[in-house]
Amino acid sequence: DIIQNESGDIVISTLGGISILKHDQFINITRDQGLINSQTNAISIGPKGRIWLASFDGVTVLDRKGSIYLSSENGLSHNEVRSVMHDTQGNTWMGTKKGLCRLNSLRTRYLKPADDEELEMEPTGFVSTRLGMLISNAVGGIYTFQNERFVPIVEDLDLLDHPISSMVMTSD
């Protein structure tokens, strides 16, 4: 992943950590400098400009004061986190190997699909629409969040026989 924060810095995910391009100079951050794992799966800029890094060992949240770690020890459904994003309602969504987790007000909650079965997916992407609708992808379906549950909105398409690596919202 490559993203830009509110200050205009470029944050780049690498196999050895992250690199932040700030004022034409790279700042490298690895496990030795505070990451839970140097290999990151996804990057997101959250509230207050914090950098959220998903990895195989959980999530690292970086700010000017240091690092905060999220893992199965403090609420995630699994340490292998594939995606992270923030919605307009102040929630942070994390796609783990065992499904989706929502963090709000420093409380993490594991969410199951509407049929109460384990999600057979490793969520790798989210989209928050202009109307505030949250959509997540999975092998075998695309889900929307309704009434505190993920409900399938697209199922059994040939496209969905293959992992969806990312989704984006277009301006149209």
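Just above, that's the structure.
If you're wondering where the values come from, they're calculated on a predicted model, not measured in any experiment.

## Things to note about unusual backbone geometry
Not every positive phi belongs to a glycine, and His23 is a case in point at roughly 50°. Within the secondary structure layout, His23 lies in the loop between strand E3 (17-22) and strand E4 (25-29). You will see that Lys48, though not glycine, has its phi angle at about 65°, which is positive. Positionally, Lys48 belongs in the loop between strand E5 (40-45) and strand E6 (51-55).

## What about the pattern of salt bridges?
A full pass over the atoms with the stated rule returns four salt bridges. Across the pair Asp9 and Lys22 runs a salt bridge, and its minimum N-O distance is 3.1 Å. Within this pair, whereas Asp9 is found in the loop between strand E1 (2-4) and strand E2 (10-14), its partner Lys22 is found in strand E3, the two being separated by 13 residues in sequence. Look at Asp9 and you get buried, because its relative accessible area is 7%.

## Describing the sheet that holds E4
Strand order across the open sheet formed by four strands is E1-E2-E3-E4, with antiparallel pairing between neighbours. Edge positions in the open sheet fall to E1 and E4, since each of these has one partner strand only. Across this sheet, the average inter-strand angle for adjacent strands is 20°, counted without regard to direction. Relative to E3, E2 runs antiparallel, the two sharing five bridges. Within E3, the position partnered with Val11 by the bridge is Ile20.

## What to know about the sheet that holds strand E8 (residues 66-70)
Here we have four strands laid out as an open sheet, ordered E5-E6-E7-E8, and antiparallel in their pairing. In the strand order of this sheet, the two ends are held by E5 and E8, each with one partner. Mean inter-strand twist for the sheet, computed between neighbouring axes without regard to direction, equals 20°. Inspection of the sheet shows strand E7 (residues 58-63) paired to E8 by five bridges, in the antiparallel sense. Across the sheet, residue Leu62 finds its bridge partner in E8, namely Ser67.

## Here we look at the side chain of Asp87
Looking at the secondary structure, you find Asp87 in the loop between strand E9 (81-86) and strand E10 (92-96). Within the buried core, Asp87 has no salt-bridge partner, and the shortest N-O distance to an opposite charge, that of Arg102, equals 6.8 Å. At 3.1 Å, the side chain of Asp87 forms a polar contact with the backbone nitrogen of Gly90. Here Asp87 is in contact with Trp93 and Ser128, once residues within four sequence places are set aside.

Cut-offs and rules
Residues numbered from 1 in each chain as written. Predicted model: local features only at pLDDT ≥ 70, side-chain atom pairs only at ≥ 80, totals over all residues. Heavy atoms only, no water. Helix = DSSP H or I, 4+ residues; strand = E, 2+ residues; numbered from the N terminus. Salt bridge = Lys/Arg side-chain N within 4 Å of Asp/Glu carboxyl O. Buried < 20%, exposed > 50% of the residue type's maximum accessible area, 1.4 Å probe, protein only. Pairing = 2+ DSSP bridges. Axes fitted to C-alpha atoms, helices over the stretch in contact; angles between N-to-C directions. Lys, Arg positive; Asp, Glu negative; His and termini not counted. Polar contact = N/O pair within 3.5 Å; in protein donor to acceptor, adjacent residues only side chain to side chain. Contact = heavy atoms within 4.5 Å.

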